[in-house]
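For reference, the chains in residue letters:
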Amino acid sequence: MDRMEDFIRGIPKTELHMHLEGSLEPELLMRLGERNKCQLRWKTAEELRNAYEFSDLQSFLDLYYEGCQVLVEEADFYELARAYLRKAHAENVVRAEVFLGPQSFTSKGVDIASVLNGTLKAIDDAEQEDGISCGLIVTAQRHRTEQDALDLLEQVRPWFSRILGIGMGGAEKGNPPSKFRHFFRACRREGIRITAHAGEEGPASYVREAVELLGVDRVDHGVSCLDDPALVREMADIKIPLTVCPISNLRLKGVPSLEAHPLKKLMDAGLHVTVNSDDPSYFRGYVSENLVECQRALGLTVEEIVSLVRNGFTAAFISPAERAAALARVDKYVSEFNWSH
Ligand SMILES: Nc1ncnc2[nH]cnc12
Ligand SMILES: [Zn+2]
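Residues numbered from 1 in each chain as written. Chains lettered and ligands numbered in written order. Predicted model: local features only at pLDDT ≥ 70, side-chain atom pairs only at ≥ 80, totals over all residues. Heavy atoms only, no water.

- Under the annotation held in an unreviewed UniProt entry, the chain carries the name Adenine deaminase and is attributed to Reyranella soli.
- Quoted verbatim from the Catalytic activity (unreviewed entry) field of UniProt, the annotation for the chain is "adenine + H2O + H(+) = hypoxanthine + NH4(+)". (UniProt positions renumbered as here; feature names shortened; annotations may be inferred.)

**Remarks on the coordination of the zinc ion (ligand 2)**
Part 1 of the reasoning: Those protein atoms acting as donors to the zinc ion (ligand 2) are His17 (NE2), His19 (NE2), His197 (NE2) and Asp278 (OD), and they sit at 2.1 to 2.2 Å.
Part 2 of the reasoning: Since its relative accessible area comes to 0%, His17 is described here as buried. (Donors = N, O, S within 2.8 Å, 3.2 Å for Na, K, Ca; no water. Buried < 20%, exposed > 50% of the residue type's maximum accessible area, 1.4 Å probe, protein only.)

**Regarding the site of ligand 1**
Part 1 of the reasoning: Taken together, His19, Leu57, Phe60, Leu61, Tyr64, Gly169, Gly170, His197, Glu200, His221, Asp278 and Asp279 make up the full set of residues adjacent to ligand 1.
Part 2 of the reasoning: With respect to ligand 1, the side chain of Glu200 contributes an N or O atom lying 2.7 Å from a nitrogen atom.
Part 3 of the reasoning: Protein contacts shield 99% of the accessible area of ligand 1, which totals 260 Å² for the unbound molecule.
Part 4 of the reasoning: Ranked by the residues each element gives to the shell around ligand 1, the list is headed by helix H4 (residues 57–68), at four residues.
Part 5 of the reasoning: Here the residues of the shell around ligand 1 are counted per class, giving four nonpolar, five polar and three charged. (Near = heavy atom within 4 Å. Polar contact = N/O pair within 3.5 Å; in protein donor to acceptor, adjacent residues only side chain to side chain. Areas by Shrake-Rupley, 256 points an atom, 1.4 Å probe, with all protein chains shown as cover. Helix = DSSP H or I, 4+ residues; strand = E, 2+ residues; numbered from the N terminus. Nonpolar A, V, L, I, M, F, W, Y, C, P; charged D, E, K, R; others polar.)

**Thoughts on the UniProt feature "binding site: Zn(2+)" (unreviewed entry) in the chain**
Part 1 of the reasoning: As recorded in UniProt, the feature "binding site: Zn(2+)" (unreviewed entry) lies at His17, His19, His197 and Asp278. Across 262 residues of sequence, these annotated residues stay compact in space, with a maximum C-alpha separation of 11.8 Å.
Part 2 of the reasoning: If you trace the backbone, His197 turns up in strand E5 (residues 193–198).
Part 3 of the reasoning: Looking at His197, the relative accessible area reads 4%, which means it is buried.
Part 4 of the reasoning: In this view, His197 contacts His17, His19, Phe99, Arg142, Met168, Gly169, Glu172, Asp220, His221 and Asp278; residues no more than four positions away in its chain are not counted.
Part 5 of the reasoning: Here the side chain of His197 touches His17 through a polar contact of 3.0 Å, side chain to side chain.
Part 6 of the reasoning: Taking relative accessible area as the criterion, Asp278 reaches 3% and is therefore assigned buried.
Part 7 of the reasoning: Once residues within four sequence positions are removed from consideration, Asp278 is found in contact with His17, Met18, His19, His197, Glu200, His221, Cys245, Ser248 and Phe283.
Part 8 of the reasoning: Of note is the side chain of Asp278, whose polar atom sits 3.4 Å from the side chain of His221. (Contact = heavy atoms within 4.5 Å.)

**Overview of the side chain of Asn276**
Part 1 of the reasoning: For Asn276, the location among the structural elements is in the loop between strand E8 (272–275) and helix H14 (280–283).
Part 2 of the reasoning: Asn276 sits in the buried class, given a relative accessible area of 0%.
Part 3 of the reasoning: In terms of polar contacts, Asn276 uses its side chain to reach the backbone amide nitrogen of Leu16, at 2.8 Å.
Part 4 of the reasoning: A polar side-chain atom of Asn276 sits 2.9 Å from a polar atom in the side chain of Thr274.

**Some remarks on the environment of Lys253**
Part 1 of the reasoning: In this structure, Lys253 sits in the loop between helix H12 (246–251) and helix H13 (263–268).
Part 2 of the reasoning: Along the chain, Lys253 and Gln295 lie 42 residues apart, while their C-alpha atoms are 20 Å from each other.
Part 3 of the reasoning: Among residues more than four places away in sequence, those in contact with Lys253 are Phe54 and Ser55.
Part 4 of the reasoning: Separated by 2.9 Å, the side chain of Lys253 and the backbone oxygen of Phe54 make a polar contact.

**Examining the sheet that holds strand E1 (residues 13–19)**
Part 1 of the reasoning: Taken in spatial order, the eight strands of this open sheet run E1-E2-E3-E4-E5-E6-E7-E8, and their pairing is parallel. The sheet is open, and its two borders are formed by E1 and E8, each paired with just one other strand. Taking the axes of each pair of neighbouring strands and ignoring which way they run, one obtains an average angle of 25 degrees across the sheet.
Part 2 of the reasoning: Pairing of E1 with strand E2 (residues 93–100) involves five bridges; the strand directions are parallel. Residue pairing across strands places Met18 opposite Val98, the latter belonging to E2.
Part 3 of the reasoning: Those strands touched by helix H10 (residues 204–214) are E5 and strand E6 (218–221), and its axis lies near 165 degrees from that of E5.
Part 4 of the reasoning: With respect to the sheet, helix H16 (residues 302–315) is in contact with E1, E2, E6, strand E7 (241–244) and E8, its orientation differing from that of E8 by roughly 105 degrees. (Pairing = 2+ DSSP bridges. Axes fitted to C-alpha atoms, helices over the stretch in contact; angles between N-to-C directions.)

**Observations regarding the side chain of Ser104**
Part 1 of the reasoning: Tracing the backbone shows Ser104 in helix H6 (residues 103–106).
Part 2 of the reasoning: Reaching out from Ser104, the side chain makes a polar contact with the side chain of Gln141 at a distance of 2.7 Å.
Part 3 of the reasoning: Setting aside its immediate chain neighbours within four residues, Ser104 contacts Tyr65, Cys68 and Gln141.

**Structural notes on the state of the cysteines**
The term disulfide refers to a covalent linkage connecting the sulfur atoms of a pair of cysteines.
Part 1 of the reasoning: Counting across every chain of the model gives zero disulfides.
Part 2 of the reasoning: Note on Cys187: no disulfide assigned, nearest cysteine sulfur contributed by Cys134 at a separation of 19 Å.
Part 3 of the reasoning: The cysteine Cys225 is free of any disulfide, with Cys245 supplying the nearest cysteine sulfur at 14 Å.
Part 4 of the reasoning: Owing to a relative accessible area of 0%, Cys225 belongs among the buried residues under this scheme. (Disulfide = S-S within 2.5 Å.)

**As for the UniProt feature "active site" (unreviewed entry) in the chain**
Part 1 of the reasoning: Within this numbering scheme, the UniProt entry marks Glu200 as carrying the feature "active site" (unreviewed entry).
Part 2 of the reasoning: Counting through the fold element by element, Glu200 comes out in the loop between E5 and H10.
Part 3 of the reasoning: Ignoring any residue separated from it by four or fewer positions in sequence, one finds Glu200 in contact with Leu57, Glu172, His221, Val223, Ser248, Asn249, Leu252 and Asp278.

So this is what it looks like as structure tokens:
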């Protein structure tokens, strides 16, 4: 490991765009599949890992939803979230805001209480045992109807006090943010923070809808906004954060190489950019790998890395006191890091 990699792995950081289902490592998937007597297409974890080759978002989502079938009992959701938070703690993520989409499970008869209680218990235990701070963002699936999303909102109502926000993921093309305007208005009325995936495979107009029509607090991905310079200026002015996931974009063929990734263009346009992992197991990269590989491919400076990391804390849904403490921790780390070893 070179010193830059040490620096990136060690810096206190956030993860603001990570689907818990996408952190399901093949070994755990196979073990849960056996425990729940699921009929799986793969015999070994290695065989499954070899299937992680994608041509676009949909080809990934097909496999990702197939993997979700092994998550059935409360204990399964607990294990999934606890395993992720152990990994995150080991790479010095001190604040994680993680997505989970209950409709993948409830549509197959899994009880919403099992999904949420298992996940929330893991979040509590991780905070107690490792000191990692974590919040849960419940996501609606955009290939389903707006009424399905509204039903989800009612289902999770008993957990409102434990839910950090509501988001939206899934197949983007043909499912614009405007399809869910009543849903997001309902979330807002409840005082819930909102995010939406937009501009991953979809056009800049979807990012505009997420920002102007839904009024999201953060845009997940958002990279296609670069096709609309007026929108970029507006987003820079209002300092709306983007949770960019470079290795995800590479694996889903949004970019031909990390060298061609628009991360620096987004930063240079004055946007509030953060770097995240999306589905770290399927894309073979947690947040540190995303930062390390972007640093190498794009020649990011130490100052640029620190700026991305600081942006994560500024964009996080945390109190001003927590933010100030986290940023002070980052600054201390940066000033004390020994580059010569
Ligand atoms: N990259 C992604 N885009 C949209 N929905 C997702 N759900 C999990 N990963 C996703
Ligand atoms: Zn995502």
